[in-house]
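Here is how the chains run, residue by residue.
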Amino acid sequence: MTERIDGHTILIGLMAYPIRHSMSPTMHNNAFAKLGLNYAYLAFDITNDKLSDAVKAIRTLDMRGSNVSMPNKQKIIPYLDKLDPAAKLCGAVNTVVNDDGILTGYTTDGTGFMKSLEDEGLDIRGKKMTLSGAGGAGTAIAIQAALDGVAEISIFNAKDKVWDNAKRNVDIINEKTSCKATLHTLEDQEDFKSEIADSAIYCDSTGVGMKPLEDETLVTDPSWFRKDIIVYDTVYAPRTTKLMEVAQKAGVAHVFNGLGMMLEQGAEAFKLWTGKSMPVEYIRELLFKEDK
Ligand code: NAD
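Everything numeric in this text was worked out from a predicted model, so none of it was measured. All residue numbers refer to positions counted from 1 along the written sequence of the respective chain. Whole-chain, interface and lining totals are the exception, using all residues; otherwise, since this is a predicted model, local features are given only for residues with pLDDT of at least 70 and side-chain atom pairs are given and counted only at 80 or more. With hydrogens and water set aside, each side-chain value is computed from the structure's full complement of heavy atoms.

## Regarding the pairing of strand E2 (residues 39-45)
Across 7 bridges, strand E1 (residues 10-16) lies against E2 in parallel orientation. Bridge pairing links Gly13 to Leu42 in E2. What joins E1 to E2 is helix H1 (residues 24-35), and the crossover it makes is right-handed. Should DSSP find at least two bridges between two strands, the strands are regarded as paired. For the purposes of this entry, the term helix denotes a DSSP run of H or I that reaches at least four residues, the term strand denotes a run of E that reaches at least two, and both are numbered from the N terminus. Seen with the strands pointing away from the viewer, any crossover whose path from the first strand over the helix to the second strand runs clockwise is right-handed.

Structure follows, in structure tokens:
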């Protein structure tokens, strides 16, 4: 690392709180080193009250950009000059690119999700998706899938504080894309079962299956899954969630955790900053050796 840092090193940040647990600095710095790129990626504890100064610093220090995570993904928007179309529809940003003082906000979670399917040779364009969850991850996935040509998305959410956002996502997709989106409540189990039965992919973006809910899953009955459906959990710790176990019991061939999405959202940001492709397989091996 020290060998790479010199007077020309370009800084990229990660602005969030809490953030010290993030794998992104390890991911990006190893990718820069592997490709011999003179960049350094550092995490900064940034709460909403420090956000305005932190964004000013991107321009002042001539940083190439930054990743942004909670609690700043929505709050950063007024401080930016431009938004890419997906970030605009999502109302959230996870990547900022600085082009000579012009700051553009992107969201790469949705593109990362779609790319991770492509990596597996799977194409869900023109098909139907059932998606549970409409928070940060669910919104990015739904909007990008709709922009990329998924034909139908049935969005399920509990009637909790995210319900209104689920409604908003459905309205935006129907207004702004050619995808047909419908809103459903998770409380209607028969409806949930029948929408999954009719879908090419079921994706769970609720985080049920992750601590403290690691023993739970929204789908408990393997008979809900055809063998040829794709089952995708955005959770990556644990690597095999309860939902994935149910899908495996049903004999589903394509069952995924959120690692591919996590790596590919980073790779999309890496490309935006450097113009280069992240060596994704090298990083996967380096960060997740124990998963091989
Ligand atoms: P969020 O808080 O913004 O949204 C949570 C969603 O889950 C909401 O729709 C909420 O209604 C629903 N939900 C929460 N508890 C539930 C329960 N008990 N039953 C039913 N629905 C419930 O969270 P987020 O940022 O969207 O993250 C969700 C999950 O996605 C987390 O596990 C996170 O780790 C994962 N994630 C993965 C990636 C990746 O790259 N793989 C990226 C972002 C998020």
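## Section: the site of the ligand
As a matter of local geometry, the ligand sits amid 22 residues, with Ala134, Ala137, Asn157, Asp160 and Gly258 nearest to it. Counted as a polar contact is a pair of N or O atoms within 3.5 Å, where, for protein atoms, one must be capable of donating a hydrogen and the other of accepting one, and residues adjacent in sequence contribute only when both atoms are in side chains. Within the backbone of Gly136, one N or O atom sits 2.9 Å away from an oxygen atom of the ligand. One nitrogen or oxygen atom from the main chain of Gly258 is found 2.9 Å from a nitrogen atom belonging to the ligand. The fraction of the free accessible surface of the ligand (850 Å²) that becomes covered by protein chains is 70%. Given that more than half its atoms are within 2 Å of the pocket grid, the ligand belongs to the largest pocket. Note on terminology: near, applied to a residue and a molecule or strand, indicates that one of the residue's heavy atoms is within 4 Å of it. All accessible-area figures derive from a Shrake-Rupley calculation using a 1.4 Å probe, and residue coverage is judged against the displayed protein chains alone. With a 1 Å grid spanning the protein atoms alone, the term cavity applies to any set of points in which a 1.4 Å probe fits but cannot get out, the term pocket to an open set with protein on both sides within 12 Å along at least five of seven lines, and the term lining residue to any residue with an atom within 4 Å of a point. Molecule-in-pocket calls rest on the fraction of atoms, with more than half required to lie within 2 Å of the cavity or pocket grid points.

## With respect to the packing of aromatic side chains
Note on aromatic pairs: the rings of Phe, Tyr and Trp (six-membered ring only in Trp) are paired at centre separations within 6.5 Å, and the planes decide the class, stacked below 30 degrees, edge-to-face beyond 60, tilted for the rest. A full pass over the atoms with the stated rule returns 9 aromatic pairs. Ring plane angle 20 degrees and centroid distance 5.2 Å describe the contact between Phe32 and Phe270, whose orientation is recorded as stacked. Placement of the pair is Phe32 in helix H1 and Phe270 in helix H9 (residues 259-274), with a sequence separation of 238 residues. Overall, Phe32 belongs to the buried group, its relative accessible area being 0%. Three exposure classes are used, based on accessible area relative to the maximum for each residue type with a 1.4 Å probe and protein chains only: buried under 20%, partly exposed in between, and exposed over 50%. On the accessibility criterion, Phe270 (0% relative accessible area) is buried. In textbook terms, an aromatic cluster arises when at least three aromatic residues are bridged by ring pairs, as seen for Phe156, Phe192, Tyr202, Trp224 and Phe225. Only Lys NZ and Arg CZ are tested; either one counts as a charge over a ring when it is within 6 Å of the ring centre and within 35 degrees of the ring normal. Positioned above the aromatic ring of Tyr282 is the side chain of Lys34, whose terminal nitrogen or guanidinium carbon lies 4.6 Å from the ring centre. When the ring centre of Trp163 is taken as reference, the NZ or CZ atom of Lys159 above it lies at 5.1 Å.

## Quick notes on helix H10 (residues 280-287)
Regarding H10, the residues found buried are Val280, Ile283, Arg284 and Leu287. Buried residues of H10, viewed axially, fall in a sector of 105 degrees; they line one side. As for H10, its buried residues are in contact with H1 and H9. In this description, the arc belongs to the directions extending from the helix axis to the C-beta atoms. By definition, residues are in contact when any of their heavy atoms lie within 4.5 Å.

## Structural notes on the environment of Ala140
Structurally, Ala140 is set in helix H5 (residues 136-148). Along the sequence, Ala140 and Asn169 sit 29 residues apart, while their C-alpha atoms lie 9.5 Å from each other. Ala140 has contacts with Cys90, Thr107, Asp109 and Gly110, leaving out every residue within four places of it along the chain.

## A look at the pattern of salt bridges
Salt bridge, as used here, is a side-chain nitrogen of Lys or Arg placed within 4 Å of a carboxyl oxygen of Asp or Glu. Under the definition given, this model contains 14 salt bridges. Of the charged contacts, one joins Arg59 and Asp81 as a salt bridge, the two residues approaching to 3.0 Å between their closest N and O atoms. In this pair, Arg59 sits in helix H2 (residues 48-60) while Asp81 sits in the loop between strand E3 (65-68) and strand E4 (82-83), placing the two residues 22 residues apart along the sequence. Asp81 gets classed as partly exposed once you look at its relative accessible area, which sits at 41%.

## Considerations on the UniProt feature "domain: SDH C-terminal" (unreviewed entry) in the protein
UniProt positions are given in the numbering used here, feature names are shortened, and annotations may be inferred rather than shown by experiment. Per the UniProt record, "domain: SDH C-terminal" (unreviewed entry) is annotated on residues 258-287. End C-alpha to end C-alpha, residues 258-287 measures 14 Å, and it is 80% helix and 0% strand.

## Some details on the sheet that holds E1
One open sheet accounts for 6 strands, arranged E2-E1-E3-E5-E6-E4; its pairing is mixed. Every other strand in the sheet has two partners, leaving E2 and E4 as the edge strands with one partner each. As paired elements, E3 and strand E5 (residues 95-99) share 3 bridges and run antiparallel to each other. Note on E5: the bridge partner recorded for Ser66 is Val96. Across the sheet, H9 touches E1, E2, E3, E5 and strand E6 (102-106), and the angle it forms with E5 is around 5 degrees. Only the stretch in contact is used when fitting a helix axis, every axis being a line fitted to C-alpha atoms; angles between N-to-C directions are given from 0 to 180 degrees.

## With respect to the domain arrangement of the protein
Domain assignment breaks the protein into domain 1 (10-106 + 260-288) and domain 2 (110-256). For every domain, the bounds stem from an assignment made automatically or drawn from a database. Measuring from the centre of the C-alpha atoms in domain 1 to the corresponding centre in domain 2 gives 26 Å. At the junction of the two partners, domain 1 supplies 13 residues and domain 2 supplies 20 residues. Accessible surface is computed with a 1.4 Å probe, and the buried area is the amount of it that two parts give up when combined, taken over both parts together. In total, about 1300 Å² of surface goes out of reach between domain 1 and domain 2, with carbon and sulfur atoms giving 70% of it. Three residues stand out in domain 1 for area buried against domain 2, namely Leu89, Cys90 and Met261, and they jointly supply 50% of the buried area on that side. The residue Lys115 makes a salt bridge to Glu264 at a minimum N-O spacing of 3.8 Å. Linking domain 1 with domain 2 are 2 residue pairs in polar contact (both at pLDDT 80 or more), by the criterion used here. Among the elements of the structure, helix H3 (85-90) and H9 are those that each provide at least two residues to the side of domain 1 that touches domain 2. Broken down by element, the residue count for the side of domain 1 that touches domain 2 peaks at 6 residues, all from H9.

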